[in-house]
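The primary structure of each chain is shown beneath.
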Amino acid sequence: MQYAVGAPLPPRHQTQEQGATPSWTPGPGHPVPPGPPPSPSAPPGGPHPGAVPPGAGHPGGGGPAAAPPGTGHPAAAPAGNGQPAAAQPGWSAPPPHSAPPGADTTGTAGSTGHIQLPPGAPVALPSPPAGTAAPDAAHTAVAVLLIGPAGAGKTSVARHWADCRRVPTAHISLDDVREWVRAGFADPQQGWNDHSEAQYRLARRTCGFAARNFLANGISCILDDAVFPDRPVVGLGGWKRHVGPGLLPIVLLPGLEIVLERNARRTGNRRLSDEEVARIHGRMAGWYGSGLPIIDNSQHDVATTARLLDDVLARSLASPPSW
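Residues numbered from 1 in each chain as written. Predicted model: local features only at pLDDT ≥ 70, side-chain atom pairs only at ≥ 80, totals over all residues. Heavy atoms only, no water.

**Observations regarding the overall build of the protein chain**
- Helix and strand counts for the protein chain come out as seven helices and seven strands.
- Counting from the amino terminus, helix and strand elements in the protein chain follow one another as β-β-β-α-β-α-α-β-α-β-α-α-β-α.
- When burial is assessed residue by residue, the protein chain has 31% of its 323 residues classed as buried.
- In the protein chain, the share of contacts with a sequence separation of at least 24, taken over all contacts with a separation of at least 6, comes to 73%. (Helix = DSSP H or I, 4+ residues; strand = E, 2+ residues; numbered from the N terminus. Buried < 20%, exposed > 50% of the residue type's maximum accessible area, 1.4 Å probe, protein only. Contact = heavy atoms within 4.5 Å.)

**Remarks on the pattern of salt bridges**
- With the rule as written, the count across this model stands at six salt bridges.
- Linking D176 and R270 is a salt bridge whose minimum nitrogen-to-oxygen distance equals 2.6 Å. Of the two residues, D176 is situated in helix 2 (residues 174-178) and R270 in the loop between helix 5 (256-264) and helix 6 (274-284); the sequence distance between them amounts to 94 residues.
- Classification of D176 by relative accessible area gives partly exposed; the value is 34%.
- According to the relative accessible area criterion, R270 is partly exposed, its value standing at 25%.
- The salt bridge involving R265 is made with E261; its shortest N-O contact spans 3.4 Å.
- Connected via shared salt-bridge partners are D176, E179 and R270. (Salt bridge = Lys/Arg side-chain N within 4 Å of Asp/Glu carboxyl O.)

**What about helix 7 (residues 302-318)?**
- For helix 7, built from 17 residues, the straight-helix expectation of 24 Å at 1.5 Å per residue is met to within 8% by its first-to-last C-alpha distance of 25 Å.
- The elements touched by buried residues of helix 7 are strand 3 (143-147), helix 1 (154-164), strand 5 (220-225), strand 6 (247-252) and strand 7 (294-295). (Expected span 1.5 Å × (residues − 1).)

**Some words on the pairing of strand 6**
- Of all six residues in strand 6, six are buried, a share of seventy percent or more.
- Burial along strand 6 is two-sided: L247, P249 and V251 facing one way and L248, I250 and L252 facing the other are all buried.
- Both strand 3 and strand 6 contribute to a ladder of five bridges, which runs parallel. If you follow I147 over to strand 6, its bridge partner there is V251.
- Pairing analysis gives two bridges linking strand 6 to strand 7, with the strands arranged parallel. By the bridge assignment for strand 7, V251 is matched with I294. (Pairing = 2+ DSSP bridges.)

**As for the packing of aromatic side chains**
- For the coordinates displayed, the defined rule picks out zero aromatic pairs.
- Over the face of the ring belonging to F228 we find R283, whose NZ or CZ atom lies 3.9 Å from the ring centre. (Phe/Tyr/Trp six-rings, centres within 6.5 Å; stacked < 30°, edge-to-face > 60°. Lys NZ or Arg CZ within 6 Å of the ring centre and 35° of its normal.)

**A closer look at the pairing of strand 5**
- The element strand 5 is extensively covered by neighbouring structure, given that six of its six residues are classed as buried.
- Here strand 3 runs beside strand 5; their pairing, made up of five bridges, is parallel. Looking at strand 5, one finds that L145 is bridged to L223.
- As defined by bridge partners, strand 4 (residues 169-173) adjoins strand 5 across five bridges and the pair is classed as parallel.

**Let's talk about the sheet that holds strand 6**
- Ordered in space as 4-5-3-6-7, the five strands form an open sheet in which the pairing is parallel. Edge strands, defined here as strands with exactly one partner in the open sheet, are strand 4 and strand 7.
- In this fold helix 1 packs onto strand 3, strand 4, strand 5 and strand 6, with an angle of close to 165 degrees to the strand it touches most, strand 4. (Axes fitted to C-alpha atoms, helices over the stretch in contact; angles between N-to-C directions.)

**Side note on the environment of S156**
- As for its placement among the helices and strands, S156 is situated in helix 1.
- For S156, a relative accessible area of 39% translates into the label partly exposed.
- In this structure, the C-alpha to C-alpha distance between S156 and D224, residues 68 residues apart in sequence, is 9.9 Å.

**Here's the deal with the state of the cysteines**
- Considering all chains together, one arrives at zero disulfides under this definition.
- Between C207, a free cysteine, and C221, which holds the nearest cysteine sulfur, the sulfur-to-sulfur gap is 9.7 Å.
- Residue classification places C207 among the buried residues on the basis of a relative accessible area of 1%. (Disulfide = S-S within 2.5 Å.)

**A word on the nonpolar core**
- Ranked by internal contacts, the top residues of the largest apolar core, which has 30 residues, are L145, I147, C221, L223, W239 and W287.
- Elements represented by at least two residues in this core include exactly strand 3, strand 4, helix 2, helix 3 (194-216), strand 5, helix 4 (236-242), strand 6 and helix 6.
- Aside from chain neighbours lying at most four places away, what touches C221 is V142, A143, V144, T169, A170, I172, A211 and L215.
- Counting 18 residues, the second-largest nonpolar core is a separate cluster that includes A158, A162, L252 and L313. (Core = buried A, V, L, I, M, F, W, Y, C linked by side-chain atoms within 4.5 Å.)

**Topic: helix 6**
- Burial in helix 6 covers these residues: V277, I280, H281 and M284. Taken around the axis of helix 6, the buried residues stretch over an arc of 100 degrees, which confines them to a single face.
- Contacts made by the buried residues of helix 6 are with strand 3 and helix 5. (Arc of directions from axis to C-beta.)

**Quick look at the packing of helix 5 against helix 6**
- At their nearest, the axes of helix 5 and helix 6 sit 10 Å apart, and the two run at 140 degrees to each other. Overall, the two elements helix 5 and helix 6 adopt an arrangement that is oblique. As helix 5 runs across helix 6, the sense of the crossing is right-handed. Only D274, V277, A278 and H281 of helix 6 make contact with helix 5, whose side of the interface consists of L256, V259, L260 and N263.
- Residues of the contact of helix 5 with helix 6, tallied by class, amount to five nonpolar, two polar and one charged. (Parallel < 35°, antiparallel > 145°, perpendicular 65-115°, else oblique. Left-handed = near helix turned anticlockwise from the far one by under 90°. Nonpolar A, V, L, I, M, F, W, Y, C, P; charged D, E, K, R; others polar.)

Structural data, given as structure tokens:
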């Protein structure tokens, strides 16, 4: 049964004797629901033109149905002068959110409200107009993939770099996205198997969509992942497929003793055994000679490494690496 907006709902339907007092009290400013309507008396001279004859439209042959109880606010009708009728008392919903000036509110493809959807095609490298210099890394919307072994400082550097840029920048950590899975999480401490690989692929695809979504709205992003050079389809090839050739990969590769020391300070499932850290670090050495820029941050703190990252990005935009 429908009740008017603003009128408090009565308790569950109870059969009451005619003339009984209702067992609930309306709120201030709300009329008491009408009781049973009185029997209409026939007007003199026959029925009024346009009146509904008895039994019309009702299978039982009775008169027209009474209005539902509790409808304290009749529906507003437009005023005769073309202006909307005055609002009825009671609760009123907040006004709908309005899009900013100049936003596309026509519902065209590629937009939802005033948020631009990511393109279906992979993201390409930012290219300046003909005859101009290379894009400025400090002010251009870019997508960066920070690669490195466990304990390289990827997450710390990526977060600091995103915090300190002059343009809107997001940090997307693949490990964080993987941990969105709670029950059934494939713990990396349990080793690499079909279950963990499936969750890795899903997290990477999610990160790739997020990166394209940010870039479509003019927001740079930096992703971090321990990508292995000897597994291009699962690692770097997958990132290129989900983000596009505009993704700028940079390797963060400190010495083994540094990553072992940093790993020892970790807790939870982010901390790996020393043997696993050494094995991962050894596989990362394959990035040497790959053509990707490599930063050895063994002797640098987070802020210094982030500044080096800016320098490497400027060179990568001027002369993109082939990968």
